[in-house]
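Notes for the structure review
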Amino acid sequence: MFTAVPANAAPQPDAVPAASTAPDPVDPPLLDATADGGTVRVNVVTRHREALDSASEAGETLVSYDSLPLVTLRVDEAGLQQLNADPNVVDVSEDVPVAPALDESTHTIGSDRTFAAGKTGAGTTVAVLDTGIDVDHPFLSGRVTGEACFSVTDANAGSTSLCPDGTGEQTGPGSADVETGPCATMGAVCAHGTHVAGIVAGDGTGLDGAPRRGVAPDANVLAIQVFSKFTSDERCGGAGKSPCVLSFTSSQVKALEKVLALKRAGTDIVAANMSLGSGRWTSSCFTDARKAIIDNLLAEGVATVVAAGNNGYAEAVNAPGCVPSALTVGSTTDDDQLSSFTNRGALLDLLAPGTGIVSSVPGGGFAAKDGTSMAAPHVAGALAVLRQSFPEKSVTELEALLLESGEALTYAGAVTPRIQLDAAALGGGGTDPEEDPELTAWDNWAEVTVPVSGSAESPIEINQNRLAPSSLQVYVDVHRTGTGDLNIDLVAPDGSVYPLRQVRDDEGGEIHELYQVNASSEQANGTWKLRVTSIGAGGFISGWDLRFPWFDNWTETQIPDLGTAESPVVVGSARTGNAPQATRVYVDIHHSWRGDLQLDLIAPDGRVYPLRAAAAKDSGDTIHESYVVDARASAAKGTWRLRAKDTAQGNSGSISGWMLTL
């Protein structure tokens, strides 16, 4: 089974946290399956690697792993009971072979604009864990720069390896090429990986009948075959369905370990794409066998992008999409509707086109496919473009860019952003421009000398008793002498450092840039500093400013006695994605008995965020207050309303005005 989830804090690389409850770790159907004396192939997750020796005594070791608290065993009923009794065993699940999720869609995400701006994913690599790739396909020519194969041969399961040399593990040129080895005789069965890779990094320049390009046409591809061949109609889903290809969880973990090793060795891998999965998960799967390696990859700067699945579940995703640290992707149609087949709900992180996507298939041709399998590589390719665009940002910051800049799609039970790559990479977005928010700005244009090798700081004092915004803008005017490099950081009043620009090997003499950081955890009040650190070249800070964007309505609105009043604020499409965790509301209300008032913030999707409860004994006559609410569940764009409800008879007043900071 597969399980993937949104990015959360990762456990230690060699340990799995203890569960808050202690159910038997063995999935009960496994006991039934072995009751007649048979055996089963299982993945065993332990609390730490030191417990693997004891757990392995329960059966025959089939696969071991380099750094994870995980072992794949063949066990009988007695072995399962032994694992159930082991206090250091967290989870025992069948090593089930599953199919690739075949489906796709051609939808505009703004990658034409990023391509025109020279943002093509150059210098980055995306790992494609799939059925292998036609490495000589002209759509991908020259960009498959690494190959590996992890493919299980298991007579009990009825599987044989798809590695060209017939072994269970193969690395190096040709090891994931579908035009050699068993895949070469299986026709379209092994076409999935080539199609996925084309969406990530295809380039149709000069090719007749080809799509123009994939999302990141200059990115490199690491091709990893993780599927095995099955010839059983029962395994393949019915009469006439064999032969087919299915992937064991153990093969996926070995492949992800390979990605981690290459990343640590210096390959700039930004994402690992897994367009596969199974199961139905309505909540995060913390004991999934893939969780630890997905966590470790994220800690090393690699996003694991997972297809949500094509079952049409309204509130669930496949695994490993249920793993919190994975980036789980659902599918949309050309008109920004959810694809009928896509899984969706609270565990979904992003949406991308997945219906009618035309991409490469083995043999030099092209075909259209539908599915979340096609949506996921749009996101993996987008991360490659963002890595090229913002080399100084962490992968979690790149994920946040996609989340915050996406076009929020609202459906029953959830709101999920559909990626808008041009907005994330270039700013401004691909939607219709509307009036920008108001800005409150502070600046310091006193020139400050930057030493040849050292740091200089320029301060700005802010007197605002509120939190800083999630979209704090920093404009920088710095001049450099010589060809050395400069680091630029924003330092908050509490000493927190927000990197704006890291060392770059460029020769430009002046830096006139507008940066944006999420400073919503900071108090605005205090001294903010622009810090410039020189490495090999001097210069000076000519000046800089801080800009707080906000939306407001200062049209007075009467609050009737025992009545309700609402004041609207319209947030245009210039503010994409969802509202931040620290959404701020400043209220200016005059009322003869303010304790009568209940105040709420109403989001564009109708969600109500309480600001202030009525307090009968509060006899004050003004409310000049700032409130902070967690409005991440709501899209930022649209009409927000401040609602004031008078709950007691005898007094009245008015909303003088209010401000919304997103």
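Here we summarise the structure given alongside this text. Since the model is a prediction, treat every value here as computed from it, not as a measurement.

Thoughts on helix H3 (residues 77-85)
- Listed in full, the buried residues belonging to H3 are Gly-79, Leu-80, Leu-83 and Asn-84. With its buried residues spanning 145 degrees around the axis, H3 presents them on a single face. Set apart from the buried face of H3 by more than 90 degrees, the exposed residues are Ala-78 and Ala-85.
- Where H3 is buried, its residues meet helix H1 (28-33), strand S1 (40-46), helix H2 (52-56), strand S3 (70-75) and strand S4 (89-94).
- The N-cap residue of H3 is Asp-76: its side-chain oxygen and the backbone nitrogen of Ala-78 are 3.2 Å apart.

A look at the nonpolar core
- If you look at the biggest cluster of nonpolar residues, it comprises 50 residues, and the most contacted ones within it are Leu-129, Ile-224, Leu-256, Val-259 and Ile-293.
- For this core, the elements supplying multiple residues, two or more each, are strand S5 (125-130), strand S6 (144-150), strand S9 (220-225), helix H7 (249-264), strand S12 (269-274), helix H8 (291-299), strand S15 (317-319) and strand S20 (407-411).
- Those residues in contact with Ile-224 that sit more than four places away from it in its chain are Val-128, Leu-129, Asp-130, Ala-148, Phe-150, Ala-176, Ala-255, Lys-258 and Val-259.
- Among the nonpolar cores identified, the runner-up in size contains 48 residues, and Val-135, Ala-201, Leu-298 and Val-395 belong to it.

Notes on the sheet that holds strand S7 (residues 159-161)
- On the basis of which strands lie adjacent, the open sheet formed by 3 strands has the order S7-S10-S11 and antiparallel pairing. Single-partner strands in this sheet number two, and they are S7 and strand S11 (244-246). Sheet twist, expressed as the average angle between the axes of neighbouring strands with direction ignored, equals 40 degrees.
- Where S7 lies against strand S10 (residues 228-230), 3 bridges are found, and the strand directions are antiparallel. Residue Ser-161 lies in a different strand from S10, and its bridge partner there is Ser-228.

Section: helix H5 (residues 192-201)
- Across the 10 residues of H5, 10 count as buried, placing the element largely inside the fold.
- Every buried residue of H5 is accounted for by His-192, Gly-193, Thr-194, His-195, Val-196, Ala-197, Gly-198, Ile-199, Val-200 and Ala-201.
- Check the buried side of H5 and you find it contacts S5, S9, S12, strand S18 (357-361), strand S19 (365-369) and helix H9 (372-389).

Examining the sheet that holds strand S37 (residues 638-646)
- Taken together, the 4 strands give an open sheet; going across it, the order is S32-S37-S34-S35, and neighbouring strands pair in antiparallel fashion. Lying at the two open borders of the sheet, with one neighbouring strand each, are strand S32 (564-571) and strand S35 (608-612). Put simply, the sheet's adjacent strands are angled 20 degrees from each other on average, direction ignored.
- With 6 bridges connecting them, strand S34 (residues 597-602) and S37 associate as antiparallel partners. Each bridged residue has a counterpart across the sheet, and for Asp-600 the counterpart in S37 is Arg-643.

A few points about the state of the cysteines
- Taken as a whole, this structure holds 4 disulfides when the rule is applied.
- Put simply, Cys-149 and Cys-163 are joined by a disulfide, and their sulfur atoms are 2.1 Å apart. Taking the torsion about the sulfur-sulfur bond, which here is approximately -95 degrees, the covalent link between Cys-149 and Cys-163 counts as left-handed. Note that Cys-149 is positioned in strand S6 and Cys-163 in the loop between S7 and strand S8 (169-171), a separation of 14 residues in sequence. Summarising the burial analysis for this pair, Cys-149 and Cys-163 share the class buried.
- The disulfide partner of Cys-236 is Cys-244, and the gap between their sulfur atoms is 2.1 Å. Here the disulfide of Cys-236 and Cys-244 is left-handed, its torsion about the S-S bond being about -85 degrees. The exposure classification of Cys-236 matches that of Cys-244, with both residues buried.
- Shown here for the protein chain is a disulfide pattern of 1-2, 3-4, 5-6, 7-8, where each number marks a bonded cysteine counted in sequence order.

A few points about unusual backbone geometry
- Each neighbour pair has its own omega, and for Ser-242 with Pro-243 the value is 0 degrees, a cis peptide bond.
- Along the chain, Pro-243 turns up in the loop between helix H6 (233-236) and S11.
- In this structure, the amide linkage connecting Ala-319 to the following residue, Pro-320, adopts the cis form with an omega of 10 degrees.
- Looking at where Pro-320 falls in the secondary structure, it is placed in the loop between S15 and strand S16 (327-332).
- Located in the positive-phi region is Leu-562, a residue other than glycine, with phi close to 55 degrees.
- Mapped onto the elements, Leu-562 comes out in the loop between strand S31 (557-559) and S32.

So, the side chain of Asp-422
- Relative to the elements of secondary structure, Asp-422 occurs in helix H11 (residues 421-426).
- We classify Asp-422 as buried; its relative accessible area is 2%.
- Separated by 3.1 Å, the side chains of Asp-422 and Arg-113 make a polar contact.

Considerations on the pattern of salt bridges
- Throughout the structure, instances matching the rule amount to 20 salt bridges.
- Among the ionic pairs, Arg-280 bridges to Glu-315, the shortest N-O distance being 2.5 Å. A residue pair is termed long-range when its members are at least 10 positions apart, and Arg-280 in strand S13 (residues 278-281) and Glu-315 in the loop between strand S14 (303-307) and S15 qualify at 35 residues.
- Taking relative accessible area as the criterion, Arg-280 reaches 48% and is therefore assigned partly exposed.
- Judged by its relative accessible area of 36%, Glu-315 falls in the partly exposed class.

Topic: the packing of aromatic side chains
- For the structure shown, the criterion picks out 3 aromatic pairs.
- Both rings, one in Phe-139 and one in Phe-366, keep their centres 5.3 Å apart while their planes meet at 85 degrees; by these two values the pair is edge-to-face. Taken together, the residues Phe-139 in the loop between S5 and S6 and Phe-366 in strand S19 connect sequence positions 227 residues apart.
- Taking the relative accessible area as the measure of exposure, Phe-139 reaches 1% and is therefore buried.
- For Phe-366, a relative accessible area of 24% translates into the label partly exposed.
- Of note, Arg-280 hangs over the ring of Tyr-313, and the distance from its end group to the ring centre comes to 4.3 Å.

Reading guide: rules and limits
Residues numbered from 1 in each chain as written. Predicted model: local features only at pLDDT ≥ 70, side-chain atom pairs only at ≥ 80, totals over all residues. Heavy atoms only, no water. Buried < 20%, exposed > 50% of the residue type's maximum accessible area, 1.4 Å probe, protein only. Helix = DSSP H or I, 4+ residues; strand = E, 2+ residues; numbered from the N terminus. Arc of directions from axis to C-beta. Contact = heavy atoms within 4.5 Å. Polar contact = N/O pair within 3.5 Å; in protein donor to acceptor, adjacent residues only side chain to side chain. Core = buried A, V, L, I, M, F, W, Y, C linked by side-chain atoms within 4.5 Å. Pairing = 2+ DSSP bridges. Axes fitted to C-alpha atoms, helices over the stretch in contact; angles between N-to-C directions. Disulfide = S-S within 2.5 Å. Salt bridge = Lys/Arg side-chain N within 4 Å of Asp/Glu carboxyl O. Phe/Tyr/Trp six-rings, centres within 6.5 Å; stacked < 30°, edge-to-face > 60°. Lys NZ or Arg CZ within 6 Å of the ring centre and 35° of its normal.

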